[in-house]
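Coordinates in review
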Amino acid sequence: MKYSEQTLKYYENVKNMGGFDEELQNVGTGIVGSPLCGDVMKLQLFFDENDVITDAKFKVFGCVSAIASMELATTLLKGMTIDQAKQIKNSDVADSLELSEIKKHCSVLAKEAIEAAINDYLAKKNKESDIMTISEAATEKLKALLLEHGGIGIAITIISGGCSGIDYALAYENEEDPNKKKIEIGGIKFYYEPELELLIKGLAIDLVENSFGHGFVVTNKNHVGCSHCDGSCGR
């Protein structure tokens with residue numbers, strides 16, 4: 001097998017091979033491939049408090065092209081945000097290394113490893129099942145609305161509260177606000193004020209559709225109101 005000069009350059013000058021402690025909350029780990037296919041890649045991304053990738057390490061069981069693909073990918077990833085990292089295509093790796101058709105699967109594995117490592121980090125960071133849940137139908141509808149109307153995500157606010165429970169509102173978030181908390185669930189970014197965190201935990205978002213249109217139902221198992229309330233308290 002003849003390899004391109006670019007492939008050999010990254011293969012012969014490996015700097016990012018290694019790993020981090022998988023238990024660290026700011027480390028995302030992705031393992032892709034199969035020994036039966038000949039290539040297995042393990043990618044680990046180290047994030048700072050702003051979700052920027054400050055370091056990246058990998059281990060590979062595989063060929064020269066697989067090692068070169070991961071060396072290039074980890075080099076590119078350093079300094080990127082999550083959104084930027086997601087924009088890396090397997091063709092970016094394949095074209096840069098001038099991979100032959102038979103070896104382009106290595107670039108596909110590199111892309112899959114990036115996605116797996118990011119997802120692992122977000123799952124650990126957000127503890128999605130503890131903070132929020134969103135149904136598949138609501139996820140797809142919100143994505144479609146964001147695509148149609150624009151915006152970087154969904155803002156969650158509280159419009160009322162009391163014995164009857166808490167009413168939540170959803171709106172489009174148009175720009176990053178460093179003062180707001182952010183979580184990503186189902187590929188959608190949700191933003192809320194830090195002081196609302198205890199009221200956000202346990203939130204569930206679902207979609208209701210009928211002949212009159214659609215609407216989102218936002219409930220919270222932790223804030224269901226007083227079961228004995230008759231309204232006499234005035235709240």
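Note: the structure precedes this text.
Residues numbered from 1 in each chain as written. Predicted model: local features only at pLDDT ≥ 70, side-chain atom pairs only at ≥ 80, totals over all residues. Heavy atoms only, no water.

1. Thoughts on the side chain of T139
Examined against the element boundaries, T139 turns out to sit in helix α7 (residues 136–149). The exposure class assigned to T139 is buried, which follows from its relative accessible area of 8%. Polar contacts involving the side chain of T139 include one to the main-chain carbonyl oxygen of S135, which spans 2.9 Å. In this structure T139 touches I134, G186 and I188, once residues within four positions along its chain are discounted. (Helix = DSSP H or I, 4+ residues; strand = E, 2+ residues; numbered from the N terminus. Buried < 20%, exposed > 50% of the residue type's maximum accessible area, 1.4 Å probe, protein only. Polar contact = N/O pair within 3.5 Å; in protein donor to acceptor, adjacent residues only side chain to side chain. Contact = heavy atoms within 4.5 Å.)

2. Some details on the pattern of salt bridges
Opposite charge on two side chains makes pairing possible when the charged atoms of those side chains draw close. Applying the stated criterion across every chain, the model contains ten salt bridges. A salt bridge links K42 to E22, with the nearest nitrogen and oxygen atoms 2.7 Å apart. With a gap of 20 residues between them, K42 in strand β2 (residues 39–47) and E22 in the loop between α1 (5–12) and β1 (27–34) connect regions that are remote in the sequence. With a closest N to O distance of 3.7 Å, K78 and D55 form a salt bridge. Of this pair, K78 sits in the loop between α2 (64–77) and α3 (82–86) while D55 sits in strand β3 (residues 53–61), and the two are 23 residues apart along the sequence. Of the residues examined, K78 reaches a relative accessible area of 36% and is grouped as partly exposed. (Salt bridge = Lys/Arg side-chain N within 4 Å of Asp/Glu carboxyl O.)

3. Quick look at the packing of aromatic side chains
The final tally for this structure, using the stated rule, is two aromatic pairs. Arranged with centres 5.4 Å apart and planes meeting at 55 degrees, the rings of F20 and F46 form a pair that is tilted. Of the two residues, F20 sits in the loop between α1 and β1 while F46 sits in strand β2, which places them 26 residues apart along the sequence. F46 sits in the partly exposed class, given a relative accessible area of 26%. Between F47 and Y121, the aromatic rings sit 3.8 Å apart at their centres with planes inclined by 10 degrees, giving stacked as the arrangement. With F47 in strand β2 and Y121 in helix α5 (residues 105–126), this pair connects stretches of sequence that are 74 residues apart. (Phe/Tyr/Trp six-rings, centres within 6.5 Å; stacked < 30°, edge-to-face > 60°.)

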